[in-house]
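Remarks on the overall topology
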Amino acid sequence: MAVEVILPKVDMDMSTGRISSWLVEEGATVKKGDLLFEIETDKAAMEIDSPAAGIVRNITGKEGIDIPVGQVVAWIYEEGEAVADAPASAPAEAAAEAPAKAEAPAPVEAAAPVAAAPAATAEASSGVRASPLARRLAKEAGLDLSAITGSGPKGRIVKADVEAAGKDGGAKAAAPAEAASAAASAPQAMSDDQVLKLFEEGSYELIPHDSMRKTIARRLVEAKSTIPHFYLTLDCEIDALLALRKQLNDAAPKVKTGDGEKPAYKLSVNDMVIKAHARALAMVPDANVSWTENAMVKHKNADVGVAVSIPGGLITPIVRRADEKTLSAISNEMKDLAARARSRKLKTEEFQGGNTAVSNLGMFGIKDFAAVINPPHATILAVGAGEQRAVVKDGEVKVATVMSVTLSTDHRAVDGALGAELLAAFKQVIENPMAMLV
């Protein structure tokens, strides 16, 4: 019997995806596990493998267009099976959460302030037959699945049933009083119409948000709404660091490549900042944490995310165990991660998780700034430009290269004194950079 090939859900926030390229042609013979197509999400590109062995037929998933998660994009037929014998396509929602190659781990998400009502609704509806997509849509809309009549096989509730119930309003669940109160008192953003009415018609153009920009916007609102940010800033003198960087780069051994020889590594200031921040977390382990409502998550390693600007937004690939890696290893890993981030070729595990992050705008001449924490991190280090400034030493005015850094902390997990201890440890390492070599 023919087997469906569906567009899988490879990211927690994903509702649609795009097939960037098919890796097989109509009529190709494949084995189970062979690569079929590449899917592009708002964060990365992933290769999807065949769910069965056979012949690829009826490729309906077009390249470069948004396709709902779970939609059938092709079929795998058995050898000799007539195409006309294929079973009718099952509702796309039924397969919405089928696994993909390199399945994305579910990240820890910050809860929205008014999530109590949908959560209660989902719990009450847990015994109802419904597709995974239908359950998610009902939860988001605050609909009671038990009040919806399913049109799928054996009365299963599918996407169309939830959408219909949402339009007639008959399946709305009664929100708990506290949730309703919170929703009523929560500040509301201006609607699109309210914003556009402030500007003369014809004086602007509308550029629709892509999925990446929508995800970034949602996560930033969650972070600023649910995390009590606290900021600490200090200055670091980096003349010794710059001198060591030059010395190490000058001493880099040469390796042969297709274009001749090149240095085995080329350290940047940011590479050394990553290492120094990781060493500081190792020195102040109580600050290497994540907050949950029931317990403090104390991490054993320093996995440092690094903000990388890409077209349409940014992504934060992670240098795992940065406290244990050499500067050259961090440098080469970051070059690879940044290059694949910009071409959206990162694997899910390469940008999800981590304990902390570094955001560096020094290359743009920014003196100092405060970065927004990326949940579930409890800290993020914002790095400004190194610049020559007048400093007073032993009563004399001298010139030094100074870099301002600002640590944003989740005040629930890292309070002022602990954050100050972490930042002092960073300053100690960055101003005595030989410590990074031992």
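These figures come from a predicted structure and were not determined experimentally. Position labels on residues start from 1 in each chain and follow its written sequence. Local features are withheld for residues below a pLDDT of 70 in this predicted model, meaning they are given only at 70 or higher, and side-chain atom pairs are given and counted only at 80 or more; totals for whole chains, interfaces and linings count all residues. Side-chain metrics in this entry use all non-hydrogen atoms of the structure; hydrogen atoms and water are not considered.

Some remarks on the overall build of the chain
When you go through the chain residue by residue, the secondary structure sums to 10 helices and 20 strands. Out of the 438 residues in the chain, the part that is buried amounts to 41%. Intrachain contacts of the chain at a sequence separation of at least 6 include 63% that bridge at least 24 residues. Method for areas: the Shrake-Rupley scheme with a 1.4 Å probe, in which residue coverage is limited to the protein chains shown. Accessible surface, the chain: about 22800 Å² in total, of which carbon and sulfur atoms supply 55%. For the purposes of this entry, the term helix denotes a DSSP run of H or I that reaches at least four residues, the term strand denotes a run of E that reaches at least two, and both are numbered from the N terminus. The buried label goes to any residue with under 20% of its type's maximum accessible area, the exposed label to any with over 50%, and the partly exposed label to all in between, with areas taken from a 1.4 Å probe on protein chains only. Contacts are residue-level and defined by heavy atoms, with any inter-residue pair within 4.5 Å sufficient.

Topic: the confidence of the model for the chain
Looking at any residue, its pLDDT shows the predictor's confidence there, from 0 to 100. Chain-level pLDDT for the chain is 84 on average; 83% of the residues reach the 70-or-more range. Averaged over each element, pLDDT in the chain is lowest for helix H1 (residues 116–124) (41) and highest for helix H8 (residues 269–283) (98). Considering only residues more than four positions removed or in separate chains, one finds that residues 85–106, a stretch of pLDDT under 50, has 52 contacts. In this model residues 108–126 is a low-confidence stretch, pLDDT under 50, and it forms 31 contacts with partners more than four residues away in sequence or in other chains.

Observations regarding the nonpolar core
Generally speaking, soluble globular proteins have nonpolar side chains that are buried together. Take the buried Ala, Val, Leu, Ile, Met, Phe, Trp, Tyr and Cys residues and link them wherever side-chain atoms come within 4.5 Å; each set so joined is a nonpolar core. Ranked by internal contacts, the top residues of the largest apolar core, which has 55 residues, are Val-273, Leu-381, Val-405, Phe-426, Ile-430 and Met-436. In this structure Leu-381 touches Val-273, His-277, Ala-357, Val-358, Ser-359, Val-405, Thr-406, Leu-407, Leu-423 and Phe-426, once residues within four positions along its chain are discounted. Counting 21 residues, the second largest nonpolar core, distinct from the first, contains Met-14, Leu-36, Val-56 and Ile-59.

A few points about the sheet that holds strand E4 (residues 35–40)
DSSP calls a pair of strands paired once it identifies at least 2 bridges connecting them. Strand order in the open sheet made by the 4 strands is E5-E4-E2-E7, with antiparallel pairing throughout. Each having just a single partner strand, strand E5 (45–49) and strand E7 (66–68) make up the two edges of the open sheet. Recorded for the sheet is a direction-independent mean angle of 45° between the axes of neighbouring strands. Both E4 and E5 contribute to a ladder of 5 bridges, which runs antiparallel. Axes here mean lines fitted to C-alpha atoms, for a helix over just the part in contact, with angles spanning 0 to 180 degrees between N-to-C directions.

A closer look at the environment of Ile-373
Relative to the helices and strands, Ile-373 resides in the loop between strand E18 (356–360) and strand E19 (379–393). Considered as a pair, Ile-373 and Leu-407 are 34 residues apart in the sequence and their alpha carbons are 9.7 Å apart. Dropping the residues within four chain positions of it, Ile-373 is found in contact with Ala-223, Ile-227, His-229, Ala-378, Thr-379, Ile-380, Ser-408, Thr-409 and Asp-410.

Observations concerning a nonpolar patch on the surface
A cluster of nonpolar residues, Met-190, Val-195, Leu-198, Phe-199, Tyr-204 and Leu-206, forms a patch on the protein surface that exposes about 610 Å² of accessible area. One can find Val-195 in helix H5 (residues 192–196). In this structure Val-195 comes out as partly exposed when scored by relative accessible area, which is 33%. Exposure above 30% relative accessible area and the absence of a salt bridge qualify a residue for a patch, where like charges join within 9 Å and nonpolar side chains (Val, Leu, Ile, Met, Phe, Trp, Tyr) within 5 Å. Any carboxyl oxygen of Asp or Glu within 4 Å of a side-chain nitrogen of Lys or Arg constitutes a salt bridge here.

A closer look at the pattern of salt bridges
Per the stated rule, a full pass over the model turns up 19 salt bridges. With a closest N to O distance of 3.5 Å, Asp-235 and Arg-389 form a salt bridge. Placement of Asp-235 in strand E9 (residues 229–237) and of Arg-389 in strand E19 is noted, with a sequence separation of 154 residues between them. Judged by relative accessible area, which is 36%, Asp-235 ranks as partly exposed. In this structure, the salt-bridge partner of Lys-246 is Asp-250, at a minimum N-O distance of 2.8 Å. With Lys-246 and Asp-250 both in helix H7 (residues 239–250) and 4 residues apart, this pair spans about one turn of that helix. Because the salt bridges share partners, they merge into one network encompassing Arg-218, Arg-219 and Glu-222.

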